[in-house]
Amino acid sequence: QVQLVESGGGLVQAGGSLRLSCAASGRTFSSYAMGWFRQAPGKEREFVAAISRSLGYTYYADSVKGRFTISRDNAKNTVYLQMNSLKAEDTAVYYCAAKEVWARVSETTVYDYWGQGTQVTVSS
């Protein structure tokens, strides 16, 4: 079992920045690829970014490429999402998720563990 807790969400003006954190506990954090997803009101949950277990491979949704950066610190059991140049359309609840295999990382159905989410609101 892995428990995931997100933090760092809040209200920010368009063009601003936020850094989300996801702290993991339970089984060895470095055994899991990590992903960030988001869900806006009335919309399906969508992929944002993912990072591999230890080699640092990353993958981003086109909508955030160049603005968001995913990273991880395996010593701190934490994955981060640095969000810059935020837009109103980035407003959503952001979730982190964990899976063992670096494959199909943009698909919500293949992740084994999920956090409760943190709200990000971008005002225009």
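Details of the structure are given in the entry above.
In short, a report on the structure. Treat the numbers as computed from the prediction; the structure is a model and nothing was measured.

Topic: the sheet that holds strand 7 (residues 68-73)
So, point 1. The strand order 1-3-8-7 describes an open sheet built from four strands, whose pairing is antiparallel. Looking along the sheet, the strands with just one partner apiece sit at the ends: strand 1 (2-7) and strand 7. Here the strands of the sheet are splayed against their neighbours by 15 degrees on average, with no regard to which way each runs.
So, point 2. Looking at chain direction, strand 7 and strand 8 (residues 78-83) are connected through six bridges and run antiparallel. Bridge pairing in strand 8 places Arg72 opposite Val79.

Quick look at the nonpolar core
So, point 1. Counting residues in each nonpolar core, the largest one holds 38 residues, and the members touching the most others are Leu4, Met34, Trp36, Leu81, Met83 and Tyr94.
So, point 2. The set of elements that each furnish at least two residues to this core consists of strand 1, strand 3 (18-26), strand 4 (33-39), strand 5 (46-51), strand 7, strand 8, strand 9 (92-99) and strand 11 (118-123).
So, point 3. Residues in contact with Met83, not counting those within four places in the same chain, are Gly16, Ser17, Leu18, Leu20, Arg67, Phe68, Tyr94 and Val120.

Basis of the calculations
Residues numbered from 1 in each chain as written. Predicted model: local features only at pLDDT ≥ 70, side-chain atom pairs only at ≥ 80, totals over all residues. Heavy atoms only, no water. Pairing = 2+ DSSP bridges. Helix = DSSP H or I, 4+ residues; strand = E, 2+ residues; numbered from the N terminus. Axes fitted to C-alpha atoms, helices over the stretch in contact; angles between N-to-C directions. Core = buried A, V, L, I, M, F, W, Y, C linked by side-chain atoms within 4.5 Å. Buried < 20%, exposed > 50% of the residue type's maximum accessible area, 1.4 Å probe, protein only. Contact = heavy atoms within 4.5 Å.

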